[in-house]
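Fold and geometry: a report
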Amino acid sequence: MVAYTLSILAAVGVVMLTALVFRLVKRADEDRDPGGPSASHTGAMLSALFLLVFAIAIIVPWTKADAARQNTHVESQAAVDAYWAAEGLPGDAARQVRAALRDYVTFVVRDEWPLMAQGRMDPVGAARMDALRGRVTDLEVSGEDAEESKSEVLEHLAAISTARAQRTADAAATPPEGLLFLTIFTGVVVVVFPFLAGARPRGLTILPMVAMAGLLGFGVYLTWDISRAFDGPLAVGPEAFQGALQEFTRVGGGM
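Residues numbered from 1 in each chain as written. Predicted model: local features only at pLDDT ≥ 70, side-chain atom pairs only at ≥ 80, totals over all residues. Heavy atoms only, no water.

A closer look at the environment of Phe248
Put simply, the rule is: Put simply, DSSP marks the helices as runs of H or I at least four residues long and the strands as runs of E at least two long, and each gets a number from the N terminus on. Type-normalised accessible area, obtained with a 1.4 Å probe on protein chains alone, sets the label of each residue: buried when under 20%, exposed when over 50%, and partly exposed for intermediate values.
As for its placement among the helices and strands, Phe248 is situated in helix H8 (residues 239–252). With a relative accessible area of 0%, Phe248 lands in the buried category. Spatially, the C-alpha atom of Phe248 lies 7.0 Å from that of Val80, the residues being 168 residues apart in sequence.

Encoded structure:
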């Protein structure tokens, strides 16, 4: 933050020094016109700066939400693959592993998803997955087919844990610090700049500025509303996990 402040002060200092030098050498006329080169250039640069910041504030959450949505499909597909692979486990192990997978996915959809909108995860989910991996690891099997099934189940459970860790990061992720403040600040500057430059619109001429201010306000609010991947208009839903539950029912007949 200190570096940002120093860079702003340095830029302001350059402008003040340049203005002082040109005033001393008297090689340029004073520019007091609201539509003059100073105001026109500054207004264009401020608009460009706002558009740049606004684009970053929109694109970062958008891409984060898209990546988080893809990751939910990776995690749910790994659960489905583990469910299929569990069929080759001996004795009652197949039923137990499949039941644990169903309970885990149901827990994610029903209990964990509301917490993710707040940027949090329920540690119970990680504990359930660790317990299931430990149970399968300790499972005694004999025969090549059973060994292969156990290895496949463990591989898919590891993929679930990896995707879950990524989902944890996605739930807690927010845009870069200070980006929302910079978006608000540049938006306000763009709105008030014509008045600071000396413009005094009257009558119908003020309507475009009112419309611009309203749209800028909506855009700034939108950048705040989509800041979390699992909350707001771009929120990632549990559809992938709901699909996994349907696949469990189809494969296991409700087991």
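Structural notes on the side chain of Thr186
This is how it is decided: Counting of polar contacts relies on pairs of N or O atoms within 3.5 Å, with two restrictions inside protein: one atom must be capable of donating a hydrogen and the other of accepting it, and residues adjacent in sequence are counted only when both atoms are side-chain atoms. Any two residues whose heavy atoms approach within 4.5 Å are treated as being in contact.
With respect to the helices, strands and loops of the structure, Thr186 is situated in helix H6 (residues 179–196). Relative accessible area serves as the criterion here: at 6%, Thr186 is assigned to the buried category. A polar atom in the side chain of Thr186 sits 3.2 Å from the backbone oxygen of Thr183. Contacts of Thr186, omitting those with residues within four sequence positions, involve Leu49, Phe50 and Val53.

What about the pattern of salt bridges?
Defined as follows: Salt bridges, as used here, are contacts in which a Lys or Arg side-chain nitrogen is within 4 Å of a carboxyl oxygen on Asp or Glu.
The final tally for this structure, using the stated rule, is seven salt bridges. Between Lys64 and Asp170 there is a salt bridge, with the nearest N and O atoms lying 3.8 Å from each other. Residue Lys64 is located in helix H2 (residues 37–85), and its partner Asp170 is located in helix H5 (residues 144–172); the two are separated by 106 residues in the primary sequence. Taking the relative accessible area as the measure of exposure, Asp170 reaches 2% and is therefore buried. Shared partners join several salt bridges into a network, and the residues in it are Glu75, Glu112, Arg164 and Arg167.

Observations regarding the confidence of the model for the chain
When pLDDT drops low, the exact placement of atoms in the prediction is not to be read closely. Put simply, the test is: Scored from 0 to 100, pLDDT reflects the predictor's confidence in each residue.
Overall, the prediction assigns the chain a mean pLDDT of 82, with 80% of residues at 70 or greater. When pLDDT is averaged over each element of the chain, helix H3 (residues 93–116) comes out on top at 93 and helix H1 (residues 2–25) at the bottom at 53.

Overview of the environment of Ile184
Locating Ile184 in the fold gives a position in helix H6. Taking the C-alpha atoms as reference, Ile184 lies 8.4 Å from Gly217; in sequence the two are 33 residues apart.

Observations concerning the packing of H3 against H8
This is how the line gets drawn: To get an axis, fit a line to the C-alpha atoms, keeping to the stretch in contact for a helix; angles then go from 0 to 180 degrees between the N-to-C directions. Roughly parallel here means an angle under 35 degrees, roughly antiparallel means over 145, roughly perpendicular means 65 to 115, and every remaining angle is called oblique. Working rule for handedness: look at the near helix, and if it is turned counterclockwise from the far one by less than a right angle, call the crossing left-handed; if clockwise, right-handed. All amino acids are sorted into three groups, where Ala, Val, Leu, Ile, Met, Phe, Trp, Tyr, Cys and Pro are nonpolar, Asp, Glu, Lys and Arg are charged, and the leftover types, Gly among them, are polar.
Two numbers describe how H3 lies on H8: the axes approach to 10 Å, and their chain directions differ by 155°. As the angle between them shows, H3 and H8 are arranged roughly antiparallel. Crossing of H3 against H8: the hand is left-handed. Taken together, the residues of H8 that come into contact with H3 (itself represented by Arg98, Leu101, Arg102, Val105, Thr106, Val108, Val109 and Trp113) are Phe241, Gln242, Ala244, Leu245, Phe248, Thr249, Val251 and Gly252. Across the contact of H3 with H8, the residue classes break down as 10 nonpolar, four polar and two charged.

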